[in-house]
Amino acid sequence: NGRSIYENIQNSIRFLLSGNTGAILVVLYATLFALPAPFAPVHLLFINLLTDSLPAIAIGLEPHNKKVMYEKPRDIRKPLLSKEFATKVALEGVVIAIATIIAFEIGRQADTITASTMAFATLCLARLFHGFNCRSRKPLYKIGLFSNKESWLAFLAGVILLHIVLLIPVLSGVFEVADLDWLQLFIIYGLAIIPLVVVQLWKMVAQKGAVQ
């Protein structure tokens with residue numbers, strides 16, 4: 001139980017830090033190239049208060065895995081934020097940032113508010129998908145896609161909240177979002193799932209290498 005709890009805490013922190021790293025990199029990109037702000041303050045508040053908190057809690061509720069007892073005991077001198085951990089956070093943040101920047105640049109072809117809306121929606125949705133990546137160090141097929149029901153509830157709640165903001169006209173002024181067409185929405189979905197696919201493929205390759 002102690003090992004599982006420690007790993008769940010570490011995974012929750014990984015989820016929050018990698019997502020925030022992605023957001024910081026997008027803002028840095030816009031600043032360096034003198035572009036319009038990719039996010040309004042209300043966008044970041046929405047992500048941090050609603051769509052980030054639920055997956056982080058769900059990750060903390062990941063079921064205990066008895067196989068953790070086959071691993072060597074953790075060195076008590078090893079810090080929670082080790083070099084290996086920080087590297088994973090940074091790389092995952094870069095993948096999230098790249099997907100968000102592409103959405104931002106596609107939106108800029110229309111206007112500034114469309115660019116901001118597409119960046120916000122992609123970042124929000126990418127972080128929701130990334131919650132599944134952070135459930136474990138192993139690929140999803142190893143731990144079971146539906147073994148943590150809370151993670152699915154958190155994901156669905158975040159998706160519903162995001163689409164309420166995007167699709168209900170009366171909220172567009174409050175959340176500073178543009179009306180998106182179906183093509184733009186499909187672009188957002190396609191870009192947002194990239195971090196999930198990339199990280200899962202990387203985990204499968206790493207898992208295969210470890211077995212060999």
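Anything mentioned here points back to the structure above.
All residue numbers refer to position in the chain's written sequence, counted from 1. Under the rules for a predicted model, residues below a pLDDT of 70 receive no local features and side-chain atom pairs below 80 are neither given nor counted, while totals for whole chains, interfaces and linings still include all residues. Side-chain metrics in this entry use all non-hydrogen atoms of the structure; hydrogen atoms and water are not considered.

### Some points on helix H5 (residues 112–133)
Here is step 1: The secondary structure listing takes helices from DSSP runs of H or I that are at least 4 residues long and strands from runs of E that are at least 2 residues long, numbered from the N terminus. Multiplying 1.5 Å by the residue count of a helix minus one yields the expected span of that helix. The end-to-end C-alpha distance of H5 is 31 Å, a good match for the 32 Å that 22 residues give at a rise of 1.5 Å each.
Here is step 2: Categorising residues by exposure relies on relative accessible area from a 1.4 Å probe, with only protein chains included: less than 20% of the type maximum marks a residue as buried, more than 50% marks it as exposed, and the intermediate range marks it as partly exposed. Within H5, 20 of the 22 residues are buried, which leaves it mostly tucked inside the rest of the structure.
Here is step 3: Between N or O atoms, a polar contact is any pair within 3.5 Å; within protein, one atom must be a potential hydrogen donor and the other a potential acceptor, and residues adjacent in sequence are included only when both atoms are from side chains. Two to three positions downstream of the cap, the backbone nitrogen of Ile113 sits 3.3 Å from a side-chain oxygen, assigning the N-cap of H5 to Asp111.

### What to know about the nonpolar core
Here is step 1: The set of buried Ala, Val, Leu, Ile, Met, Phe, Trp, Tyr and Cys residues whose side-chain atoms join them within 4.5 Å is what this entry labels a nonpolar core. Grouped together as the largest cluster of nonpolar side chains are 40 residues, with contacts concentrated most on Phe120, Leu125, Leu162 and Leu166.
Here is step 2: Where this core is concerned, the elements lending two or more residues are helix H1 (2–32), helix H2 (41–51), helix H4 (83–108), H5, helix H6 (140–143), helix H7 (149–167) and helix H9 (182–192).
Here is step 3: It is H5 that provides the largest number of residues to this core, a total of twelve residues.
Here is step 4: Contact between two residues is taken to exist if any of their heavy atoms lie within 4.5 Å; hydrogens are not considered. Not counting the four nearest positions on each side in its chain, Leu125 is found in contact with Val159, Leu162, Ile188, Tyr189 and Ala192.

### A word on the packing of aromatic side chains
Here is step 1: Each Phe, Tyr or Trp ring, with Trp reduced to its six-membered ring, pairs with another whose centre is within 6.5 Å; inter-plane angles below 30 degrees give stacked pairs, above 60 give edge-to-face pairs, and intermediate values give tilted ones. Summed over all chains, the structure comprises ten aromatic pairs.
Here is step 2: Residues Phe186 and Tyr189 carry aromatic rings whose centres are separated by 6.1 Å and whose planes lie at 80° to one another, so their mutual orientation is edge-to-face. On the criterion of helical spacing, the pair formed by Phe186 and Tyr189 is a turn pair, its members being three residues apart in helix H9.
Here is step 3: Its relative accessible area of 55% is what places Phe186 among the exposed residues.
Here is step 4: A network of ring pairs unites the aromatic residues Phe129, Phe132, Phe146, Trp152 and Phe155 as a single cluster.

### Points about H2
Here is step 1: Residues His43, Phe46, Ile47 and Thr51 constitute the buried set of H2. Down the axis of H2, the smallest arc covering the buried residues is 95°, so these residues share one side. For H2, the exposed residues lying more than 90 degrees away from the buried face are Pro41, Leu45 and Leu49.
Here is step 2: Contacts from the buried residues of H2 go to helix H3 (53–60), H5, H7 and helix H8 (169–175). In this context, the arc is that of the directions from the helix axis out to the C-beta atoms.

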